[in-house]
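Listed below are the residues making up each chain.
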Amino acid sequence: MVEVTTYFSAALAIGFLSLGVLAAVQWRRRHDPPSPYISAALTSLGLVTALGVIEDIVGEQPEGVEIASLVLFMASAYFLLLFRHSILPLSGPARVLSLAAILAATALVLLYPLPEGENPTYEGFEILVLFSIIAVWGACVGEPTFRFWIVSRGRPLVQRARLRALAGAYAALILIIFIAVFAILGHNETVATVATASAVSLVPLLWAAFAPPQWLRRAWRAREEDFRLIEDLAIYAADRREIAQRALNRALRLVGAEQGFIAEPESTLAVEQIEEAEVHRLMAARPTPGHSQWREALGHRVVILPLRPDGGNEVMGIVAGPIAPLFGSDELYQLSRYAEVVGVALARVRLIEQLRDQTDSNEALLHAISDLGEGFVITQAGRLEYANEAYLRMTGYSFDELRALPSLLDLSVPEEREELAERLRQRLAGDQVSDHYETGLMKKDGRILDVEAAVKLLQTPQGPRIISIIRDITERKRVQAFRDQFIANAAHELRTPITAMVGFASLLEKRRSQMSEREMDTVSDALNRQGERLRLLVANLLDITRLQQGKLPLELEPLPVNEVLEDVLKSTPAPEDKSVAIDASDDLTVLADRLRLEQIITNLLTNAYRYGGESIAVQAKDDGEDVVVSVSDDGPGVPGELVPSLFEPFSRGEDSSRVGGSGLGLAIVRMMAQAQGGDVWYDTTNGLGARFMFTLRQP
Amino acid sequence: MSSLKVLVVDDEPDIRSLVAMILEGAGHTVIEAGDGKRGFDLMVSESPDVVLLDLRMPVIDGWEFMRRVREQGIKGPKMIGVSAHASPDSIKEAREAGCDDYVSKPFAMDDLLDAVERSGDGPGS
């Protein structure tokens, strides 16, 4: 009679075999590496159980069945170990050692068969053999049980659940087998029946653990999804890379994967446990961008999800690993929905970044304009809206003071105000008005600045605005006025000798025959004098022009002052009625250009000859820092009203025409002294006569 | 054409002797002054027919000279302004200051003679 226990054993066998077949089918469908091992292990266990059932029914043990059962049983242990190895790799020696133990235990059983028959009894060595089989099997299955559990600790939720489910499954297997063995060995029929039935009831749990169904995966994810709202808020970070990294980590947690990336065609935004180069290779290997599906590429099993609903080029890639070997369609759905949210977040941040870049560059532009010293003003119907620092500095007003004015036109000079107001009206009406003009600007302290304005009408969403760039041209105007005056003076100075020379020349031409000897002498003297005057004037004008343009090359060298003074005196001796005394110590040296220094001294001496008294003194002294040279005389001195403009070009005293000169001598002296790092001035503290002083640097 | 008595006021000695030689060669009498102050004194004491006045001089320039002429109501001599500035503005200014004629430097001999003799022909105003 077939016992109840046998039915349960048969159910157990069917359960194992079904699971084995299911795992094989799964492997066929998805090429999941661990699946073949679990399929082989469960099939082996199923066959072992099935053989026992056959034995029960047939009533006697066919030859070799016992051996096959044992081999299959031990093989299941090895397959289970390999399954563990495919998820948490074993070291080489550990694998060899465990295989050796399994083979040894199997060989032992083959060499010393266990007793057969109903209720066999074990004695001595047989107990040792039985124990070694159970110990080896128990070790091969028990170690992964603990290992899975230990590794699960500290992992993200989904990974932890998967690993613990595997630990549970292994534990369940051990439990089933031990119960089954207990049932076989037990002599009580009722106990055996209950034990076998409970073993059968554990089989579905095995399946749930090895191939978690949707509802279980959802349960595992549930707590991750609870964080979703909070994390979505956290996604509003300012930086794309930061968002990408957070989003990727979350996506990995969501499905229990370990490797992944978020990438654009040209760059990688975030990576986790994968090399960037590998990401680029994976991206390049994609056959069709924007299509999410599993694929095997470059040794990875990867799902690539577009981050934008329109299928743009940004993608999130999740690489399957040992702990998350497979993703179900529900997980893919969750991932793709999540990817869209991430895509929106990234797009939003990209917009913000673009806006910020633009704002930054606008501000940089405004600052640059300020740095250039140009005033920059934005007005609405004349009233100030924006003014940069340069404009505030220029006007001397604070921003608030300017803002309080009904119109910036209040700052323009009164006589131009009406014209400017009319121009503003025309500009706002859209008429063509000149964009550039010069005008006067009244500073807060009442001074008037000459400014050049560049003005443009700008249509903004808030209405028309006028932008103006204001440039202070006071200095330019001053320089221009100086130059105009200089040119007018130079022209005037040139006209006198030219008038005289042209006049005398034509007089000679027309009246030579009627001229007396005395008249001829007068004419030739005048021609010589005016010719020399012209030559000197032109030479000085050229010097000044070169000095102003900085084109006069200077060769600074240490020079003995005494020697230079003596040289100048030799080439420009005093007139008969005057005398020059030089007072300079022999060791006094200056750093100067010889030619230019001689010219300075010559000009000052010539002035003294022309305008000064009878005795002229030239002194050089070391004032501790510079060398100070003074040229003084005992003449009438420079009239007070001439002193302020003494060193300006063409400033001359009333008697100058009688004594000649270009009017440029002192201007040249000043420019040359300054070019050599010194200066020149007229000493007003000298009571008697004139005293000019200049400084030169020491070597 | 009669001989004229011409006063030349100029701070440049060579220009004065040039003008003197041109005018004397044409038969006129020339008296010279090197500055405005002396020129004004000579004009009052010598009563010349024509005054050739350099407008740009130190101390008392031509403009100041003309202001004094107007102030003191001197009507005898014809006044001819001489200057290196030949712009229409300076000619206009000279006329407004009371000059009857204007000669710009550098001048051609004939231009100077023409201006002096033209002035001398007309009745003193």
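Note that this is a predicted model, so its numbers are computed, not measured.

Rules used in this analysis
- Residues numbered from 1 in each chain as written.
- Chains lettered and ligands numbered in written order.
- Predicted model: local features only at pLDDT ≥ 70, side-chain atom pairs only at ≥ 80, totals over all residues.
- Heavy atoms only, no water.
- Helix = DSSP H or I, 4+ residues; strand = E, 2+ residues; numbered from the N terminus.
- Buried < 20%, exposed > 50% of the residue type's maximum accessible area, 1.4 Å probe, protein only.
- Contact = heavy atoms within 4.5 Å.
- Areas by Shrake-Rupley, 256 points an atom, 1.4 Å probe, with all protein chains shown as cover.
- Pairing = 2+ DSSP bridges.
- Salt bridge = Lys/Arg side-chain N within 4 Å of Asp/Glu carboxyl O.
- Axes fitted to C-alpha atoms, helices over the stretch in contact; angles between N-to-C directions.
- Parallel < 35°, antiparallel > 145°, perpendicular 65-115°, else oblique.
- Left-handed = near helix turned anticlockwise from the far one by under 90°.
- Nonpolar A, V, L, I, M, F, W, Y, C, P; charged D, E, K, R; others polar.
- pLDDT = per-residue confidence, 0-100.
- Polar contact = N/O pair within 3.5 Å; in protein donor to acceptor, adjacent residues only side chain to side chain.
- Lys, Arg positive; Asp, Glu negative; His and termini not counted.
- Phe/Tyr/Trp six-rings, centres within 6.5 Å; stacked < 30°, edge-to-face > 60°.
- Core = buried A, V, L, I, M, F, W, Y, C linked by side-chain atoms within 4.5 Å.

### Examining the overall build of chain A
Working step 1: Secondary structure assignment for chain A yields 21 helices and 17 strands.
Working step 2: For chain A, the residues scored as buried account for 44% of the 699 residues in total.
Working step 3: For chain A, the proportion of contacts with a sequence separation of at least 24, taken over those separated by at least 6, is 62%.
Working step 4: Counting every atom, chain A has about 36100 Å² of accessible surface; 57% of that belongs to carbon and sulfur.

### Some words on the overall build of chain B
Working step 1: Tallying secondary structure elements over chain B gives five helices and five strands in all.
Working step 2: For chain B, the N- to C-terminal ordering of α and β elements is β-α-β-α-β-α-β-α-β-α.
Working step 3: Here chain B holds 125 residues, and 52% of them are scored as buried.
Working step 4: At a minimum sequence separation of 6, the contacts of chain B that also span at least 24 residues come to 66%.
Working step 5: Put simply, chain B shows about 5400 Å² of open surface, and 47% of that area lies on carbon and sulfur atoms.

### What to know about the pairing of strand S2 (residues 268-272) of chain A
Residue and element names in this part refer to chain A.
Working step 1: Sheet topology note: the strand S1 (residues 259-263)/S2 ladder contains four bridges and is antiparallel. Bridge pairing in S2 places Gly260 opposite Glu272.
Working step 2: Between the end of S1 and the start of S2, which pair antiparallel, lie four residues.

### Some words on the pattern of salt bridges
Residue and element names in this part refer to chain A.
Working step 1: All chains considered together, the criterion is met by 40 salt bridges over all chains.
Working step 2: Arg350 serves as the salt-bridge partner of Glu314, at 2.9 Å between the closest nitrogen and oxygen. Taken together, the residues span a long stretch of sequence, with Glu314 in the loop between strand S4 (300-306) and strand S5 (315-319) and Arg350 in helix H12 (residues 329-371) at a distance of 36 residues.
Working step 3: What makes Glu314 buried here is its relative accessible area of 3%.
Working step 4: Bridged by salt links that share partners, the residues Glu374, Glu438, Glu452, Arg471, Arg476 and Lys477 form one connected network.

### Section: the packing of helix H17 (residues 517-549) of chain A against helix H21 (residues 665-675) of chain A
All names here are of chain A.
Working step 1: It is the contact of H17 with H21, at a shortest axis distance of 10 Å, that shows an interaxial angle of 30 degrees. The angle between the axes of H17 and H21 places the two elements in the roughly parallel class. Along this stretch, H17 crosses H21, giving a crossing that reads as left-handed. Between H17, through Asn540, Asp543, Ile544, Leu547 and Gln548, and H21, the contact on the second element is made entirely by Ala667, Ile668, Met671 and Met672.
Working step 2: Of the residues belonging to the contact of H17 with H21, the class tally is six nonpolar, two polar and one charged.

### Quick look at the sheet that holds strand S10 (residues 463-472) of chain A
By way of backbone hydrogen bonds, the strands of a sheet pair with one another, either parallel or antiparallel.
All names here are of chain A.
Working step 1: Pairing is antiparallel across the open sheet formed by five strands, whose spatial order is S7-S6-S10-S9-S8. Each having just a single partner strand, strand S7 (383-387) and strand S8 (436-442) make up the two edges of the open sheet. Sheet twist, expressed as the average angle between the axes of neighbouring strands with direction ignored, equals 35 degrees.
Working step 2: As judged from the four bridges shared by strand S6 (residues 375-380) and S7, these two strands associate in the antiparallel manner. Paired with Thr379 across the bridge in S7 is Leu384.

### Examining H21(A)
Owing to its 3.6 residues per turn, the α-helix brings residues three or four apart onto one side.
Residue and element names in this part refer to chain A.
Working step 1: Listed in full, the buried residues belonging to H21 are Leu666, Ala667, Ile668, Val669, Met671, Met672 and Ala673.
Working step 2: Along its buried surface, H21 packs onto H17, helix H19 (594-611), strand S16 (680-682) and strand S17 (691-696).
Working step 3: Directly beyond the C-terminal end of H21, a positive phi value near 90 degrees is found at Gly677.

### Notes on unusual backbone geometry
Working step 1: The omega torsion of the bond from Lys105(B) to Pro106(B) falls at -10 degrees, within 30 degrees of zero and hence cis.
Working step 2: If you trace the backbone, Pro106(B) turns up in the loop between strand S5 (101-104) and helix H5 (109-121).
Working step 3: At Gln273(A), a residue that is not glycine, the phi angle is positive and equals roughly 60 degrees.
Working step 4: On the secondary structure map, Gln273(A) appears in the loop between S2 and helix H11 (276-285).
Working step 5: For Gln273(A), a relative accessible area of 59% corresponds to the exposed category.

### Comments concerning the confidence of the model for chain B
Working step 1: Confidence along chain B averages 84 in pLDDT terms, with 92% of residues attaining 70 or more.
Working step 2: Confidence estimates for the predicted assembly give a pTM of 0.48 and an ipTM of 0.89.

### Description of the interface of chain A and chain B
Working step 1: Taken together, the contact between chain A and chain B spans 23 residues of the former and 23 residues of the latter.
Working step 2: Where chain A packs against chain B, one counts three salt bridges.
Working step 3: Between the two partners, chain A and chain B, sit seven residue pairs in polar contact (both at pLDDT 80 or more).
Working step 4: Of all the elements in the fold, those that place two or more residues in the side of chain A that touches chain B are helix H16 (474-511) and H17 of chain A.
Working step 5: Per element, the largest residue contribution to the side of chain A that touches chain B is 14 residues, and it comes from H16(A).
Working step 6: Residues of the side of chain A that touches chain B, tallied by class, amount to seven nonpolar, eight polar and eight charged.

### A closer look at the sheet that holds S17(A)
Residue and element names in this part refer to chain A.
Working step 1: Spatial ordering of the open sheet is given by S12-S14-S15-S17-S16, a layout of five strands whose pairing is mixed. Edge positions in the sheet fall to strand S12 (579-583) and S16, since each has one partner strand and no second. The mean inter-strand angle of the sheet, taken between neighbouring strand axes irrespective of direction, is 15 degrees.
Working step 2: Here five bridges tie S12 to strand S14 (residues 615-622), and the two strands are oriented parallel to one another. Bridge pairing in S14 links Val580 to Ile616.
Working step 3: Relative to the sheet, helix H18 (residues 561-571) contacts S12, S14 and strand S15 (627-633), its axis offset from that of S12 by approximately 170 degrees.

### A few points about the side chain of Lys578(A)
Residue and element names in this part refer to chain A.
Working step 1: Along the chain, the position of Lys578 falls in the loop between H18 and S12.
Working step 2: We note that Lys578 is buried and unpaired, the nearest opposite charge coming from Asp577 at a distance of 5.3 Å.
Working step 3: If sequence neighbours within four positions are ignored, Lys578 has contacts with Ala608, Tyr609, Arg610, Gly612, Gly613, Glu614 and Ile616.

### Remarks on the packing of aromatic side chains
Residues and elements named next belong to chain A.
Working step 1: According to the stated counting rule, one finds eight aromatic pairs over all chains in the structure shown.
Working step 2: Judged by centre distance (6.4 Å) and plane angle (25 degrees), the ring pair of Phe482 and Phe486 falls under stacked. Within this pair, Phe482 and its partner Phe486 are both found in helix H16, separated by four residues, close to a single helical turn.
Working step 3: On the basis of relative accessibility, which here comes to 31%, the residue Phe482 falls in the partly exposed class.
Working step 4: Consider the rings of Tyr682 and Phe692, whose centres lie 5.0 Å apart with planes at 65 degrees: the pair is edge-to-face. Highlighted residues: Tyr682 in strand S16 and Phe692 in strand S17, separated in sequence by 10 residues.
Working step 5: According to the relative accessible area criterion, Phe692 is buried, its value standing at 7%.

### Things to note about the environment of Leu696(A)
Residue and element names in this part refer to chain A.
Working step 1: Relative to the helices and strands, Leu696 resides in strand S17.
Working step 2: Classification of Leu696 by relative accessible area gives buried; the value is 2%.
Working step 3: C-alpha of Leu696 to C-alpha of Gly678: the two residues are 18 residues apart in sequence and 4.8 Å apart in space.
Working step 4: Those residues in contact with Leu696 that lie beyond four places of it in its chain are Val590, Ala592, Leu597, Asp626, Val627 and Gln676.

### A few points about the nonpolar core
Residue and element names in this part refer to chain A.
Working step 1: Within the largest apolar cluster, 57 residues are counted, with the highest numbers of intra-cluster contacts made by Phe16, Phe73, Trp137, Phe148, Ile176, Leu206 and Phe210.
Working step 2: Of all the elements in the fold, those that place two or more residues in this core are helix H1 (4-30), helix H2 (35-58), helix H3 (65-87), helix H4 (92-111), helix H5 (125-152), helix H6 (157-185), helix H7 (189-210) and helix H8 (214-226).
Working step 3: Judged by nonpolar contacts, the second largest core, of 47 residues, contains Leu537, Val561, Ile601 and Met672.

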